[in-house]
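# Commentary on secondary and tertiary structure
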Amino acid sequence: MASVELAGVGKSYGSVNIIPHIDLKLDDGALTVFVGPSGCGKSTLLRMIAGLEKITNGDVLIDGRRVNDATPTDRGIAMVFQNYALYPHMTVRQNIGFPLKMAGLSRAEIDRRVEAAASSLQLSSLLDRKPAQLSGGQRQRVAIGRAIVREPRVFLFDEPLSNLDAELRVQMRLEIARLHKQLAATMIYVTHDQIEAMTLADKIVVLRAGQIEQVGRPTELYHDPDNIFVAGFIGSPKMNLLKARVSELFDGGVRLKLPDFGDTDIALPIVGARLAVGEQMWIGIRPEHFGEQGDVVLQTEVEVVENLGGTAYAYVRGTGGAMLTVGLADPQATAPGRAFEGRFPASRTFLFTEKGQRVR
Ligand code: ADP
Ligand code: MG
């Protein structure tokens, strides 16, 4: 186990600066997930921690020691990639044991570690197979086994489940969670999938365009996002954003009108924020927070109903043309073309400035 710290870490390729400046402390033994859209710099950041990519500025510290110039092996790091990178001519046993053989460990020690890793990954009966005789999930488990036997201080995963089908992804997600518990190791896990982030992480780091948007526990990001980007990225289906205009500032809060929904009023107990009458804002409300109860009522018309069995959503349109996604308790009670009263409690909404910063 080890702590990892990034102090002003940045990366440029030539004159293109893709990561300006990242400060981040990762807890010893925690599973931290870096999540963000494709191209935001997740892999680059991970590769700089691993020692596979040169750092342009700043320092990477592992257990307080600056490792900028250390090799990946010296850093005590093992990395698992999206493409498993197994040796096709070697058996599972040889693939898992390969880094130990290179490090010159004894045959007995290699066998001991390979068998322990295989057992914790349910690979014991497959040790004599070649990669071509394995499923995608089994191959990824071999790649993880090859990381485990090195007994690294930090595990890095770069989208390890992206090549697997949906069902296997769920299964492997559970395996990784179990492994983290069992090894109590420091892990950094990169994904663009917010569901993987929500289910696996002790702490999530949301990245956009090489910068940190917010760091927090999964439930913190869901319940208390700092901005529209995080609010929209965490949670599925996505949070609805309604155009709003400040109509009145009163003693206990602020009143807004929703122009896309017949100027419906909404009052929020937000005081102390510097808002002005007439100011354009956004109101966020999650699809799952619509329901029978609610002091805000929007008049809409249903366009589409999606019934997933256990849950159902309606896509509804306001008089001003704006679309909303609404969770339905009873999908039978509504149908396309019908009028729909979208009800939600004002207390469940989030207020954002026009530029997307949260107002609390
Ligand atoms: P992610 O893993 O989040 O999808 P990456 O870290 O792979 O993103 O890439 C971040 C950005 O850096 C992208 O815009 C990508 O085009 C750019 N990039 C990555 N590698 C190089 C390179 N060798 N030269 C120039 N730009 C690169
Ligand atoms: Mg990547």
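Residues numbered from 1 in each chain as written. Chains lettered and ligands numbered in written order. Predicted model: local features only at pLDDT ≥ 70, side-chain atom pairs only at ≥ 80, totals over all residues. Heavy atoms only, no water.

Before going further, it helps to spend a moment on the site of ligand 1. What surrounds ligand 1 is the set Y13, I18, P37, S38, G39, C40, G41, K42, S43 and T44. In the environment of ligand 1, an oxygen atom lies 2.9 Å from a nitrogen or oxygen atom belonging to the backbone of K42. Top element by residues in the shell around ligand 1 is helix 1 (residues 42-50). It accounts for 3 residues. A per-class count over the shell around ligand 1 returns 4 nonpolar, 5 polar and 1 charged. (Near = heavy atom within 4 Å. Polar contact = N/O pair within 3.5 Å; in protein donor to acceptor, adjacent residues only side chain to side chain. Helix = DSSP H or I, 4+ residues; strand = E, 2+ residues; numbered from the N terminus. Nonpolar A, V, L, I, M, F, W, Y, C, P; charged D, E, K, R; others polar.)

Here the focus is the sheet that holds strand 1 (residues 4-13). Spatially, 2-1-4-5 is the arrangement adopted by the 4 strands of the open sheet, whose pairing is antiparallel. At either end of the open sheet lies a strand with only one pairing partner, and these are strand 2 (16-26) and strand 5 (65-66). Where strand 1 and strand 2 come together, 7 bridges link them in antiparallel fashion. Residue pairing in the sheet places K11 in a bridge with I19 of strand 2. Against the sheet, helix 1 makes contact with strand 1, strand 2 and strand 4 (57-62), and its axis sits at roughly 120° relative to strand 1, the strand it touches most. (Pairing = 2+ DSSP bridges. Contact = heavy atoms within 4.5 Å. Axes fitted to C-alpha atoms, helices over the stretch in contact; angles between N-to-C directions.)

Below, the discussion takes up the packing of aromatic side chains. A complete count under the given rule lists 5 aromatic pairs for this structure. Arranged with centres 5.2 Å apart and planes meeting at 70°, the rings of F290 and F344 form a pair that is edge-to-face. Taken as a pair, F290 in the loop between strand 14 (280-285) and strand 15 (296-307) and F344 in strand 18 (residues 339-344) lie far apart in primary sequence, 54 residues in all. Classification of F290 as buried rests on a relative accessible area of 8%. (Phe/Tyr/Trp six-rings, centres within 6.5 Å; stacked < 30°, edge-to-face > 60°. Buried < 20%, exposed > 50% of the residue type's maximum accessible area, 1.4 Å probe, protein only.)

Attention shifts here to helix 6 (residues 166-183). Along an α-helix, residues three or four apart share an orientation, since each turn contains 3.6 residues. The end-to-end C-alpha distance of helix 6, which contains 18 residues, comes to 26 Å, matching closely the 26 Å that a straight helix rising 1.5 Å per residue would cover. Three or more residues of helix 6 are buried, namely L168, M172, R173, E175, I176, L179 and H180. Across the axial projection of helix 6, the buried residues extend over an arc of 165°, all falling on one side. Facing away from the buried side of helix 6 by over 90 degrees, the exposed positions are A166, E167, L174 and K181. The inward-facing, buried residues of helix 6 contact strand 3 (31-35), helix 4 (107-120), helix 5 (136-148), strand 8 (186-191) and helix 7 (194-200). One or two positions beyond helix 6, positive phi appears at A184, with a value near 45°. (Expected span 1.5 Å × (residues − 1). Arc of directions from axis to C-beta.)

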